[in-house]
Amino acid sequence: MSRTATDPDSGADQPPPGDDTAFFGQPRGLLTLSGLEVWERFSFLGMQAILVLFFADTVAHGGMGMDPGTAASVSAAYGTLVYLVSVAGGWLADRILGSYRAVLWGGILIACGHYSMAVPTATMTWVGLGLISAGTGLLKPNVASMVGKLYRTDDERRDAGFALYYMGINIGAFAGPLITGWLGDHKGWHWGFSAAAVGMTFGLIQYVAGRRHLAGRKATAEYRLPDDALRRAIRTMAVGAVVVAALAAILAVAGWLTMDRFVDLLTIVSVIAPVVYFVVMFRSPRVTAEERGRLRPYVVLFLASVAFNFILFQAYSTMMLLASTNARTEIFGFHFPASWYASALGAFEVALAPVVATVWARMGPRQPHASNKIAIGVILGGLSFLLMVLPTSGHSDDTYLMSVWWIVGSYLLLGLGDILLETSGMSATTKLAPKAFASQTMSLWFLSLALANGIQAQTVKLYGEVSNPAYFGVNGAIAVAVGVAVIALAPWLRRTMHPVH
């Protein structure tokens, strides 16, 4: 049956009118999507803040008994898996589920994963991490793509809208570690995981309640597969999942698939996947010559994202380990769990995101080009690690305790850099994306996060093996060098990134 003007979903894939300014001058649907991300980040980063500490804690205290380097590596490998799965999530949204249903089912899987991790057994911990990985892969690329659908390409509110959206993300990033960290420290790690489960449940409720304000909410995928191809795809995915699970079980029982080898395998896949994906998009007949030209500068933005997020994700691994052993956990006479340091990052981003959004909105067409925003973000990320060279230097042993303000200052630099890079990067992605790969191109942005985690999974093995000043100094210097290189490429990027300004 054809749609009529009275069909409530007749404009389901169209951006709202330009005069829809109900949410701080932004479309009303931004409130729904930001609200979802508040709770998704509450659950994901609340769990992430205590995950490496849970891995490194002794079995007697309810942990997994891993050494610090292994704990950080496994935590990074989990992050790698989360973002690798986002490729499948983008494809499923484009070809089978549609964006709205992909996000909905992703949220359901995430909630089930956190509820599984609330059960205090090692088996349920791994089951829960698997479910969260699958759910986040469905949710993350598609909810960001839905934010892009709220705006027309020439709408100058877009960058400011993504900044507000990112502020919503970081409200959850601030609140999550406070709740899960306190519960993990005072009641047990699995109590912290249960709080993450409740948070994701709240996110799902408000997402469904605000459905009518969203573009891209129609029941079918925008580029839905023909029925025969759809049935073949479902059969292939089902058989593939069974084969992979059976092969993994056999290799694990045979003693070949150890945790170290699994981490190494994920790193290899994180390198290969974006290379293959870029090749597929460059060669696809559905991508026009103009769209292909815009993909070239996107490669530079992709590499910049890798460099920055390599630093950012260590806020939840090596920085958490450093805070738990060599940083004071008292401020103005108040004692707090080491995991609360992760909330400082979220707090800075909550405070700074509206400032950044206001500045961009007031500057309008005079604001810096997106590539320069991204480059400055990468440089700030590198400086956040270089700052840690100072308090970790000049000690005769590892029993020292640095002031709270060193880690807080590092997170201030990292938080500002994150706002500049992620908001501009996600916004640019929605503009540069070939139409036939809309959700999947956002998945490609998240593949940069997978690659950052994959590299981190190998690099963090050196944590504790080399001196802390050398570890933080070298990694920070590399990130700064990448940011400077992007600035040097600014003239070419401005020419080739139209319609990004």
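Use the structure listed above.
In this report, we go over the structure that sits alongside the text.

Quick look at the packing of helix α1 (residues 29-56) against helix α3 (residues 99-117)
When two helices pack together, their arrangement is captured by the angle between the axes and the distance separating the axes.
Working step 1: The N-to-C vectors of α1 and α3 enclose an angle of 35°; their axes lie 12 Å apart at closest approach. Relative to α3, α1 is oriented so that their crossing is left-handed. Here Leu36, Glu40, Ser43, Phe44, Met47 and Leu51 of α1 lie close against α3, whose contacting residues are Val103, Ile110, His114 and Met117.
Working step 2: Considering only residue class, the contact of α1 with α3 consists of seven nonpolar, two polar and one charged.

Topic: unusual backbone geometry
Working step 1: At Phe332, a residue that is not glycine, the phi angle is positive and equals roughly 55°.
Working step 2: Among the structural elements, Phe332 can be located in the loop between β1 (330-331) and β2 (334-335).

Here we look at the nonpolar core
Working step 1: Formed by 130 residues in total, the largest nonpolar core has its most connected members in Met47, Tyr165, Tyr207, Tyr341, Ile407 and Tyr411.
Working step 2: Among the elements that take part in this core, α1 stands out by supplying 13 residues, more than any other.
Working step 3: In this view, Tyr165 contacts Leu30, Leu33, Ser34, Glu37, Val143, Ala144, Val147 and Met426; residues no more than four positions away in its chain are not counted.
Working step 4: Membership of the second largest hydrophobic core comes to 10 residues, among which are Ala93, Ala102, Leu230 and Ala233.

Comments concerning helix α9 (residues 289-312)
Working step 1: End to end, α9 covers 35 Å across 24 residues, agreeing with the expected 34 Å (1.5 Å per residue, within 8%).
Working step 2: At Pro297, α9 is deflected by roughly 30°, the largest bend along its length.
Working step 3: Within α9, 18 of the 24 residues are buried, which leaves it mostly tucked inside the rest of the structure.

Thoughts on the side chain of Thr180
Working step 1: With respect to the helices and strands, Thr180 occurs in helix α5 (residues 158-186).
Working step 2: Thr180 gets classed as buried once you look at its relative accessible area, which sits at 0%.
Working step 3: When residues no more than four places from it in sequence are discounted, the contact partners of Thr180 are Gly46, Met47, Ile50, Gly192, Ala195 and Ala196.

Reading guide: rules and limits
Residues numbered from 1 in each chain as written. Predicted model: local features only at pLDDT ≥ 70, side-chain atom pairs only at ≥ 80, totals over all residues. Heavy atoms only, no water. Axes fitted to C-alpha atoms, helices over the stretch in contact; angles between N-to-C directions. Helix = DSSP H or I, 4+ residues; strand = E, 2+ residues; numbered from the N terminus. Left-handed = near helix turned anticlockwise from the far one by under 90°. Contact = heavy atoms within 4.5 Å. Nonpolar A, V, L, I, M, F, W, Y, C, P; charged D, E, K, R; others polar. Core = buried A, V, L, I, M, F, W, Y, C linked by side-chain atoms within 4.5 Å. Buried < 20%, exposed > 50% of the residue type's maximum accessible area, 1.4 Å probe, protein only. Expected span 1.5 Å × (residues − 1). Bend = angle between axes of the 7 residues up to and from the residue.

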